[in-house]
Amino acid sequence: MFDALFTHFLLLLPMANSAIQEINVSSKIRRSSDEEVRIDGISRLPDVLIQHILSFLSTKEAMATSILSKRWLPVWTSVPVIDLQDSPSCRTDSSLRLRFEHFVTRVLILNKMACLDKFCLKFNMVDRPSCVETWFWDAVSRDVKELDITIHGTQSFPFLKLPFIVFTAKTMQVLKLSNGVELHVTGTVSLPCLKVLHLVWIKYSSNESVSRLFAGCHVLQELVLRKYVSDNTSISDVSIQTLKILSIRFATGRRKHQLKINAPILEYLNLEDNLGLEFDLEDVSSLVEANVSVTWLENRHIPLLKALCNAKFVSLHWDWHSKMTWHNFRPHRLFRNLVRLELSVGYGGWNMLSLFLEISDNLQVLVLTKNDNCRGLGLECRWKPQKNVPECLLSSLERVEFKGYEEVAYQLRMVKYILKNARVLKMMDICTNGDLPLESKVDVLKKLLMFTRCSNACQLRFN
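Residues numbered from 1 in each chain as written. Predicted model: local features only at pLDDT ≥ 70, side-chain atom pairs only at ≥ 80, totals over all residues. Heavy atoms only, no water.

Asker: Got a minute to help me understand empty space enclosed by the protein in this structure?
Answerer: Summary: where empty space remains is shown by rolling a probe the size of a single water molecule over the atoms. One pass over the structure, following the stated rule, counts three cavities of 30 Å³ or more. Leu54, Leu57, Ser58, Thr59, Ala62, Trp76, Val79, Val81, Asp83 and Asn111 together form the lining of the largest cavity. Elements with a contribution of two residues or more to the lining of the largest cavity: helix H4 (59-64) and strand E3 (81-85). Each residue belonging to the lining of the largest cavity can be placed in one class, and the counts come to six nonpolar, three polar and one charged. (1 Å grid on protein atoms, 1.4 Å probe; cavity = no way out; pocket = protein on both sides within 12 Å on 5 of 7 lines; lining within 4 Å. Points joined across faces, edges and corners; volume = space filled by probe spheres on them. Helix = DSSP H or I, 4+ residues; strand = E, 2+ residues; numbered from the N terminus. Nonpolar A, V, L, I, M, F, W, Y, C, P; charged D, E, K, R; others polar.)

Written out as structure tokens, the structure is:
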């Protein structure tokens, strides 16, 4: 088993290339009795390489290697990664929670590393928060680079407030907080090396705690926010000049507030809006890729769509479409840089396809997906082509993918129109709805093969 593990990890680690050449995992030695026994090659590696391999395992798995031989007994204590997770049974069994507390404390005592690359702790809360605070003090005092805390607590346990030392960790580069953690920041935050911050379904004690945290992250590049609607605080201002990756998801609810984003070097935006946000995107001019998912596509999303104008890759998903005042969204050739567009369209949204084709002059790839809320029936799903053929069909569109094809009239018209007018199209890839009978699929294929293709190079793939 360990020979296989050894081979797997060495293939992933460039630093081990020379070791592969020097070690013959099937080598044999002779004992005094001339008996030949096989030695596993992994045990002959230097400690530093074995420790690096064990750092990919959980601490419990790394500890298990100590039973192999005396050679392996102390190795796990010099691994710069501590990754611990308790049992789900700890939620209801106080004795198991106490054993887990002692286990974590013991691991921290036995670990010899003065500097930790990562401290990952996933647990179901403990009975003594002061014990958890001691663990964090220990990790930060060892110049930890990554702190990953997930608490799957119950209603009987309060949210855990982190000790303030966590927000002054000079070496920390990654901070991930999930679930039963309360962000309670009372002083000035100083995280000079923090590049990655994840706040996932946690509680916020106040708006000031959020503001203080963001203000103290001077080199932050990645921010992930997942927020409960029941939380009384609001994250209303994400003004971070160094931010490159932003992912936001607000849970469903009626409470509305404005979200301001000012990130001049932002490259990737993932936004899931089910809350009714009003958008103020001050500067996202460097955006390269955007994934936007909303329940209702409404007028309040027009500033958001306009802000995506410089992106090269855009994915839009909406379940329902309300009437929008499109005269405010028709500047000439809006998406000049867009080369790939994915539309996952819900009920009442197909009539927007013409608009996006019209404003995307350099579009090369178009992916259309019918989601579950679009039944392919009725006037709301009508699609009408433009009188003037969009520029992208005449000069740039090379590939079209249609997922969830149902053999309804407007879909046939859509495919026919694109095949007839797309001059440089190379591939039309159509995937039918899984419920479509075989006879209907054959009939659809016959119709598709009869459509005129403007591009001689166009191939039609039908599944």
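Asker: What should I look at first to understand the side chain of asparagine 421 in this one?
Answerer: If you trace the backbone, asparagine 421 turns up in helix H11 (residues 409-421). A polar atom in the side chain of asparagine 421 sits 2.8 Å from the backbone oxygen of tyrosine 417. Look past the residues within four positions of asparagine 421 in its chain and what remains in contact with it is Val389, Leu393, Leu394 and Cys454. (Polar contact = N/O pair within 3.5 Å; in protein donor to acceptor, adjacent residues only side chain to side chain. Contact = heavy atoms within 4.5 Å.)

Asker: Before we go on, may I ask you to explain the environment of valine 185 in this structure?
Answerer: With respect to the element layout, valine 185 can be found in the loop between strand E8 (181-183) and strand E9 (196-200). Of the residues examined, valine 185 reaches a relative accessible area of 2% and is grouped as buried. Along the chain, valine 185 and leucine 213 lie 28 residues apart, while their C-alpha atoms are 7.2 Å from each other. In contact with valine 185, other than residues within four places in its own chain, are Phe164, Phe167, Ser205, Ser209 and Arg212. (Buried < 20%, exposed > 50% of the residue type's maximum accessible area, 1.4 Å probe, protein only.)

Asker: Is there a simple way to explain the sheet that holds strand E14 (residues 258-262) in this structure?
Answerer: Pairing between the strands of a sheet comes from backbone hydrogen bonds, and it takes one of two forms, parallel or antiparallel. One open sheet accounts for three strands, arranged E12-E14-E16; its pairing is parallel. The sheet terminates laterally at strand E12 (237-239) and strand E16 (278-283), the two strands that pair on one side only. Between one strand axis and the next, the sheet turns through 10 degrees on average, direction left out of account. Direction of pairing for E12 relative to E14: parallel, over a ladder of three bridges. Looking at E14, one finds that aspartate 237 is bridged to lysine 260. (Pairing = 2+ DSSP bridges. Axes fitted to C-alpha atoms, helices over the stretch in contact; angles between N-to-C directions.)

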